[in-house]
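Here's the letter readout for the chains.
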Amino acid sequence: MPQLTSLRLLYTSPILSPLKSPFLSFSTISKSKSPLLNPPSFFTVLSSSSGRHPKLPRHPQHLRRRNSSSFRGTNRRDKGMPTEETESGSVGFNKRRAEGRDKNDKPRNLQLKARKLNPVNTICYVQILGTGMDTQDTSSSVLLFFDKQRFIFNAGEGLQRFCTEHKIKLSKIDHIFLSRVCSETAGGLPGLLLTLAGMGDEGMSVNIWGPSDLKYLVDAMKSFIPNAAMIHTHSFGQAPGSNGAPVPDLKKFSDPIVLVDDEVVKISAILLRPSCLKGSETVTEEPNTLYPSEVGVEGRKNHLQEQTLPHSAGEDSQAGAMVKPGDISVIYVCELPEIKGRFDPQKAVALGLRAGPKYRELQLGKSVMSDRKNNMVHPSDVMGPSIPGPIVLLVDCPTESYLQDLLSLESFSSYYAGSSSNPLESAKTVNCVIHLSPASVVRSPNYQVWMKRFDAAQHIMAGHEMKNVEFPILKSSARIAARLNYLCPQFFPAPGFWSLRHLNHSIPESIASSEGSVTKLCESVGAENLLKFHLRPYAQLGLDRSGIPSSSSPSEIIDELISEIPEVVDAAQEVGQFWNDIGEAQREIAPMHDDKVMIEEPWLNLNTLPGCLEDITREDMEIVLLGTGSSQPSKYRNVTSIYINLFSKGSLLLDCGEGTLGQLKRRYSVEGADNAVRGLRCIWISHIHADHHAGLARILTLRRDLLNGVPHEPLIVIGPRQLKRYLDAYQKLEDLDMQFLECWHTSEVSLDAFECSFETNKEHSSESSASFEGKNDTNTVKLTKLFAKGSRMQSYWKRPGSPVDHSVAFPILKNLKKVLSEAGLEALISFPVVHCPQAFGVVLKAAERINGVGKVIPGWKIVYSGDTRPCPELIEAARGATVLIHEATFEEGMVDEAIAKNHSTTNEAIEVGNSAGAYRIILTHFSQRYPKIPVFDDAHMHKTCIAFDLMSINAADLPVLPKVLPYLKLLFRDEMTVEELDDVISEGLAS
């Protein structure tokens with residue numbers, strides 16, 4: 001392969017001098033097609049294989065080196081992918097991607113899949129997808145399965161990870177239906193759409209159905225889903241928000257709305273509203289794109305235009321009441337066609353018919369003339385009795401305020417058993433009712449009365465039920481967590497769901513009504529993960545528990561571990577000894593002077609402890625890695641989120657990928673996670689890619705609910721400007737109870753201007769914001785040319801026509817200053833990094849403290865890189881950091897991929913930490929090509945550790961951190977690096 005120098009654009013920056021290490025410096029990049037032409041690798045391959053792949057025999061190190069690449073096939077550099085590198089020969093990066101001009105973001109027309117249906121010999125069942133069952137962070141999903149079609153009802157956070165765990169192929173999904181439009185039921189949609197858009201050469205899409213509130217979610221997702229992603233949305237029901245003239249036929253609103261009607265199934269929607277809300281119905285079923293470039297601005301406006309809402313009419317309504325976004329809930333009715341009776345050829349012969357085409361005509365329901373007799377033969381003469389098609393209801397009644405509407409729905413009368421308005425000849429038998437309603441609603445007397453109207457139907461309770469908490473739904477990651485906990489419980493505490501096994505989860509058999517009478521609960525079964533109810537073949541109609549995963553206790557997992565790796569018993573004892581020795585070791589270690597910065601190979605002097613760790617307690621600070629993967633969640637690693645636990649002083653979140661709430665509940669238990677969310681002081685988001693913020697709305701709405709009725713301040717969210725557009729649009733759907741601050745307002749220059757204005761105008765508050773604005777405009781951020789004033793990157797945060805609103809920022813900055821002070825923090829400082837437009841890293845600096853003898857101890861310093869290439873801003877920000885948390889998406893041998901995606905390799909991340917003199921380096925954000933543990937070089941890990949999901953690092957344990965890594969490798973000693981090709985999409989979608 002020829003040298004690639006001619007394809008690079010040269011970019012000069014003298015500030016990159018801190019990276020003048022031979023390790024990171026290069027002026028050309030070449031790549032051999034054969035690994036045999038490369039020097040032998042000194043890496044240890046320490047990744048796992050999927051359970052589907054047999055363990056491979058060991059090979060020489062240079063043969064075990066990964067040679068797979070996202071560039072295999074056609075090399076993208078040959079297509080002219082522009083990269084930049086410094087004139088002095090330092091690191092390169094993809095400038096077009098950094099500026100938001102990546103070719104991969106060009107619009108594509110993602111096609112819907114065409115299925116050839118088979119209504120006769122079909123297999124069909126409904127299945128509970130147990131998302132949220134163990135953590136109660138989201139609504140369970142339900143799969144309606146046909147051999148040629150798949151339908152999913154609700155797509156809460158974690159759906160994509162659940163499907164990967166249980167080998168449910170996302171490419172087979174045709175339709176997604178939402179019972180409500182909120183973070184609980186739709187939090188997994190953005191990640192799911194991005195994954196589908198990256199599948200195959202052209203990408204895939206699905207139909208998404210929901211009540212008219214769906215428009216708000218679509219509008220919000222436009223802020224971060226790229227042009228390459230297109231969805232086909234279908235909204236139905238009355239549209240919220242506008243005043244309009246009354247519509248006389250209010251009954252039409254309650255009629256079933258047919259959404260899908262083909263050879264194999266008919267799916268209808270019946271809308272529920274709180275008792276005070278009534279209105280009219282509007283159906284919109286045209287495909288919709290996320291960007292006007294797909295259908296034109298006018299077309300998009302016509303699809304998403306605000307509909308009129310009539311004034312209410314009825315004694316149970318309030319005149320002029322408006323349906324607020326999120327108020328509408330949906331009951332879905334799934335009806336399969338009847339099964340025709342068996343054709344009896346003997347009867348046909350007796351009626352004078354010869355075998356041939358007329359047999360087929362009769363089976364299709366047509367009458368024919370007898371061949372031997374002068375009479376007509378009708379289908380009923382030769383066909384056995386038909387079998388009615390099975391019917392399934394999915395009911396989401398979120399609160400008791402919806403019960404009045406549920407009980408009064410006339411459209412359900414034909415489904416009730418023994419109803420006077422339901423003649424026997426027109427009766428429809430409901431076979432299964434899946435209740436997505438919460439337990440508090442299901443057990444209410446009125447709801448029980450409604451359930452009993454369905455007579456023999458099988459009721460499956462799939463709402464939030466405590467009985468399912470004790471069984472981890474994601475067994476692969478739970479197994480890894482239990483093994484890590486056995487080896488090193490100090491860094492890997494027992495997951496929260498194990499602590500709930502002792503609770504009594506029994507369901508009462510009866511309930512007391514408000515009148516004092518006792519009502520026996522309707523017979524039902526609790527939903528279990530992967531529980532099925534078969535609909536076809538008819539002979540199998542009913543429940544099927546064969547697919548329910550077996551539960552594993554921690555003791556069983558540990559017994560398996562000890563049997564597999566007997567040495568782990570001694571290893572666990574040796575690891576535990578580190579903490580027994582830590583007190584003695586700290587007495588021997590001399591603290592550093594405050595003005596001393598570790599620069600060259602700091603591990604050469606292991607008896608040097610940063611002054612900030614002197615006399616530190618276990619109640620000062622803890623870093624919890626909630627998610628350590630990149631791009632999309634996998635079986636073993638969730639997407640990025642870091643929880644900074646300040647104990648009694650509160651907490652912060654650095655990034656908040658999809659499933660963050662679920663990870664908090666796995667770490668702290670259901671109740672413990674609620675306390676953690678209540679104590680949040682601030683959430684900081686590094687950039688607009690979905691894997692770093694898709695879990696934000698769920699966290700914010702839970703905090704709002706937990707603090708409802710309690711005096712509190714809105715939570716401060718700090719992020720890039722694009723995130724504000726998303727949150728502003730989303731808040732039309734749900735109140736997020738937050739204040740937004742752009743990352744640039746927390747840059748060092750902006751904060752200096754704020755402090756100056758704050759001190760100058762303490763007694764003239766009305767002049768403060770104006771003074772802040774003037775000082776902030778006159779200060780120029782001293783950065784490389786990439787971020788300099790007038791550059792394309794700088795223009796993204798200060799475009800003409802969209803000035804920074806300093807008058808809004810100033811009071812929020814004042815509030816942030818107060819919040820940080822209460823949390824024991826001196827500063828939160830954002831700085832730009834090289835990844836995409838408005839990508840940032842962050843510095844957290846703790847305030848000084850005074851120990852027991854009156855000595856002033858400097859505060860610790862945590863630096864988080866976000867997603868980035870190595871850059872001087874990061875090195876300068878991390879100077880003398882206590883902990884540097886750095887992304888390490890790729891292994892050292894994949895520098896080309898790291899440059900193309902503007903990510904870092906493991907060795908580059910370590911070199912940044914060494915150049916900055918960081919005391920400890922934590923590597924995270926690993927590509928999903930490394931399912932369990934990434935590839936890294938032992939020779940560079942003396943002050944570094946690899947992050948795992950739910951890893952908890954207390955500040956008091958930082959001296960021990962690197963010592964544990966060799967023992968962690970023991971757990972994965974026989975694992976090989978493989979790609980989970982069926983579970984992880986192409987790295988072309990990597991963030």
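Keep in mind that this is a model prediction, so the values were computed, not measured.

Participant: Looking at this structure, how should I read the sheet that holds strand S31 (residues 641–645)?
Facilitator: For sheets, the rule is that strands pair by backbone hydrogen bonds, running either parallel or antiparallel. With mixed pairing, 7 strands are arranged side by side in an open sheet as S35-S34-S33-S32-S31-S30-S44. Edge positions in the open sheet fall to strand S35 (738–742) and strand S44 (951–954), since each of these has one partner strand only. The average angle at which neighbouring strand axes cross in this sheet is 20 degrees, direction not considered. The sheet contacts of helix H18 (residues 660–678) involve strand S30 (622–627), S31, strand S32 (651–656), strand S33 (680–684) and S44, and relative to S30 the element is tilted by about 130 degrees.

Participant: Teacher, can you tell me more about helix H19 (residues 696–706) here?
Facilitator: Note: α-helices contain 3.6 residues per turn, so residues at a spacing of three or four share the same orientation. Summarising burial for H19: 10 of the 11 residues are buried, a large majority. Where H19 is concerned, the buried positions are Leu696, Ala697, Arg698, Ile699, Leu700, Thr701, Leu702, Arg703, Arg704 and Leu706.

Participant: I tried to follow the pattern of salt bridges on my own but got confused; where do I start?
Facilitator: It is possible for side chains of opposite charge to pair when their charged atoms get near one another. Following the criterion strictly, the structure yields 28 salt bridges and no others. Between Lys366 and Glu361 there is a salt bridge whose closest N-O contact spans 3.8 Å. Note on Lys366: relative accessible area 45%, which makes it partly exposed. You can call Glu361 partly exposed: its relative accessible area is 29%. The salt bridge partner of Arg479 is Glu564, with a shortest N-O separation of 4.0 Å. Placement of the pair is Arg479 in helix H15 (residues 475–487) and Glu564 in helix H16 (residues 554–564), with a sequence separation of 85 residues. Overall, Arg479 belongs to the partly exposed group, its relative accessible area being 23%. By relative accessible area, Glu564 is classed as partly exposed at 31%.

Participant: Can you help me understand the pairing of strand S5 (residues 124–129) in this one?
Facilitator: Residues in a regular strand point their side chains to alternate faces of the sheet. For S5, the tally of buried residues reaches 6 of 6 residues, placing the bulk of the element in the interior. The alternating pattern of S5 places Cys124, Val126 and Ile128 and Tyr125, Gln127 and Leu129 on opposite faces, both of which are buried. Two elements, S5 and strand S6 (residues 141–146), share 6 bridges in a ladder whose sense is antiparallel. Counterpart to Cys124 in the pairing with S6 is Phe146. Where S5 meets strand S26 (residues 532–536), 4 bridges bridge the pair, whose relative direction is antiparallel. Bridging across to S26, Val126 finds its partner in Phe533.

Participant: Would you mind showing me how to read helix H20 (residues 721–730) here?
Facilitator: The buried fraction of H20 amounts to 7 of the 10 residues, a majority that puts the element mostly inside the structure. By the burial criterion, the buried members of H20 are Arg721, Gln722, Leu723, Tyr726, Leu727, Ala729 and Tyr730. For H20, the secondary structure elements touched by its buried residues are helix H4 (183–186), helix H6 (214–221), H19, strand S34 (715–719) and S35.

Participant: Whenever I open this one, the packing of aromatic side chains confuses me. Can you help?
Facilitator: Per the stated rule, a full pass over the model turns up 24 aromatic pairs. Plain terms: the ring middles of Phe412 and Trp450 are 5.7 Å apart, the flat faces sit at 75 degrees to each other, and that makes the pair edge-to-face. Of this pair, Phe412 sits in the loop between helix H12 (403–407) and strand S21 (432–435) while Trp450 sits in helix H14 (residues 445–451), and the two are 38 residues apart along the sequence. A relative accessible area of 0% places Phe412 in the buried class.

Rules of the game
One numbering rule holds for all chains: residues counted from 1, following each sequence as written. A pLDDT threshold of at least 70 governs which residues receive local features in this predicted model, and a stricter bar of 80 or more applies before side-chain atom pairs are shown or counted, although totals over entire chains, interfaces and linings include all residues. Working from all heavy atoms in the structure, the side-chain values ignore hydrogens and water. Two strands form a pair only when DSSP identifies at least two bridges running between them. By definition, any uninterrupted DSSP run of H or I lasting at least four residues is a helix, any uninterrupted run of E lasting at least two residues is a strand, and each is numbered from the N terminus. Structural elements are reduced to axes, namely lines fitted to C-alpha atoms, with helices fitted over the stretch in contact, and the angle between N-to-C directions of any two is expressed from 0 to 180 degrees. Note on contacts: a residue pair is in contact if any heavy atoms of the two residues lie within 4.5 Å. Exposed residues in this analysis have more than 50% of their type's maximum accessible area, buried residues have under 20%, and partly exposed residues fall in between, with area computed by a 1.4 Å probe over protein chains only. One side-chain nitrogen of Lys or Arg within 4 Å of one carboxyl oxygen of Asp or Glu is enough to make a salt bridge. Each Phe, Tyr or Trp ring, with Trp reduced to its six-membered ring, pairs with another whose centre is within 6.5 Å; inter-plane angles below 30 degrees give stacked pairs, above 60 give edge-to-face pairs, and intermediate values give tilted ones.

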